[in-house]
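Residues per chain are reported as follows:
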Amino acid sequence: MYDILEGVEVVELGSFVFVPLAAAVLADWGATVTKVEHPVTGDPYRGLTTAGMTNQVGGLHLSFQYANRGKRSIGIDVATPPGRDLLLELVGRADVFMTNLRPAVRARLGIDVDDLRAANPDLVYVRGSGYGQHGPLAETAALDGTAYWARGGVGAALTPPDAEWPLTQRPAFGDVMAAMTLAGGVAGALYRRATRGGGSVVDVGLLNVGMWQMQRDILSAPYEAPGATAWGVPREQRNPTTGTYRTADGRFISLAIVNPDPYWVELCHALGRPDLATDARFTNMAARQQHNAECVAALDEVFASASFDHWRRALEGFSGAWAPVQLPAELHDDQQALANGWFTEVDTGAGPLQVVSSPVTFDDYDGPRQMPGAPEVGQHTEEILLELSHSWDDIVALKDAGVVT
């Protein structure tokens, strides 16, 4: 889709979403990405089912497509000596190696930093993890639901205080944040190698990404009363122009006008209530603070008087910050997203699939974004082995031994 990383060779030995999606971002940016999978089982994400969501459409696993678009797949059993040798051959010509295997597994397989650097001294070695490479949890199994959402404080911060259970995250919620973080780290390491030489080791942990996302809460927590939470401030006590309001048909409009005085008159006119602009209780921020509950009640009444679509039309052109609270299905037709190319058409071989574009645009958007779809397990094994100068006899022998598929 882009040529920013054209010529960069990436080898990915990863599973599920975090590291594979980071590699997919690099593919979006022009890198050639080779996904190494077990020759029989492949990436276990291929068969993962997410309860309550559509997983398969026309034989396509939707989640696997978005996390693995634009790659080639080679099926190698890296736990065998011949398989490890093949991985070293791939790494020997690569710029970047990416994995989410834990330290003990990497050591057992003989594919840790020093092992691969022996084959390629300038390799950028990339590790995605739940809890980092050090400390008591370095070998602990982790997904974003545990490391990012639960331990990272995100779930607790977003759960209302009167909820019986903590909120659970959406699928891969932390993984997608960590994937972009990891892709940025790889880009930085490639720049360093190009300008100063030498390969870096790049680490991103899901817990760290969760902490990064929650840093404002973490920063202030030592100075607040025990149990203090932003949820503890009722909406009637907040700035009335930074709230969410229910429409007549049960939808919501979000206002985020943090400096409301320059926008208050314009907002009142857009809402069809110019009288509120001259109401002595609401004329400026100081007055509204004295009458917060009354102002919120007035806006509640206004928004409840008409439909979601009415308010979307009424607020078009309003210069303050506002947005409709949209459903995921509505994003497919969001004109702002479409105008900026924030969907990429993936050619799956069984028809086009619209996936969300990775959130970086280079050199302005000038047309449709398109990428090849995710590969089948070992779809490119023969092609890649031929590139590595293996003969057909070698390939057949490796297949017969179960080393590749």
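Because the structure is predicted, anything quoted here is derived from the model rather than measured.

J.: I tried to follow the sheet that holds strand E7 (residues 124-129) on my own but got confused; where do I start?
T.: Within a sheet, each strand pairs with its neighbour through backbone hydrogen bonds, oriented either parallel or antiparallel. Reading across the sheet, the six strands line up as E5-E2-E1-E6-E7-E8 and stay open at both edges, with parallel pairing between neighbours. On the outer flanks of this sheet lie strand E5 (71-75) and strand E8 (201-205), each paired with one strand and no other. Neighbour-to-neighbour, the strand axes of the sheet open up by a mean angle of 20°, direction not taken into account. Here E7 pairs with E8 via five bridges, running parallel. Considered in E8, the bridge of Gly128 is made with Val204. In the packing of helix H3 (residues 81-92) onto the sheet, contacts are made with strand E1 (9-13), strand E2 (32-37), E5 and strand E6 (96-99), and the angle to E1 comes to roughly 150°. Of the strands in this sheet, E7 and E8 are in contact with helix H9 (residues 206-213), which crosses E8 at around 65°.

J.: Sorry if this is basic, but what is going on with the pattern of salt bridges here?
T.: When charged atoms on two side chains of opposite charge get close, those side chains can pair. Per the counting criterion, the structure on display carries 18 salt bridges. Here Glu383 and Arg72 are joined by a salt bridge, their closest N and O atoms 2.5 Å apart. Of this pair, Glu383 sits in helix H17 (residues 381-387) while Arg72 is found in strand E5, placing the two residues 311 residues apart along the sequence. The exposure class assigned to Glu383 is partly exposed, which follows from its relative accessible area of 39%. A relative accessible area of 14% places Arg72 in the buried class. Each of Glu12, Lys35, Asp43 and Lys71 takes part in salt bridges that share partners, so that together they form one network.

J.: Just checking my understanding: could you explain unusual backbone geometry for this structure?
T.: Of all residues except glycine, most have a negative phi; of all peptide bonds, most are trans. The phi angle at Phe16 is positive, at roughly 60°, despite the residue not being glycine. Mapped onto the fold, Phe16 is located in the loop between E1 and helix H1 (18-28). A positive phi angle, close to 70°, is found at Asp364, a residue other than glycine. Position of Asp364 among the secondary structure elements: in the loop between strand E13 (352-356) and strand E14 (369-372).

J.: Explanation requested: the environment of Arg313 in the structure shown.
T.: Following the sequence through the fold, Arg313 ends up in helix H15 (residues 308-314). Once the C-alpha coordinates of Arg313 and Ala270 are considered, the two residues, 43 residues apart in sequence, prove to be 9.6 Å apart.

J.: Honestly, the confidence of the model for the chain in this entry has me stumped. Any pointers?
T.: A low pLDDT score tells you not to read the predicted coordinates there in detail. For the chain, per-residue confidence averages 96 on the pLDDT scale, and 99% of positions sit at 70 or higher. Per-element averaging of pLDDT across the chain places strand E3 (residues 56-57) at the bottom with 86 and E1 at the top with 99.

What counts and what doesn't
Residues numbered from 1 in each chain as written. Predicted model: local features only at pLDDT ≥ 70, side-chain atom pairs only at ≥ 80, totals over all residues. Heavy atoms only, no water. Pairing = 2+ DSSP bridges. Helix = DSSP H or I, 4+ residues; strand = E, 2+ residues; numbered from the N terminus. Axes fitted to C-alpha atoms, helices over the stretch in contact; angles between N-to-C directions. Contact = heavy atoms within 4.5 Å. Salt bridge = Lys/Arg side-chain N within 4 Å of Asp/Glu carboxyl O. Buried < 20%, exposed > 50% of the residue type's maximum accessible area, 1.4 Å probe, protein only. pLDDT = per-residue confidence, 0-100.

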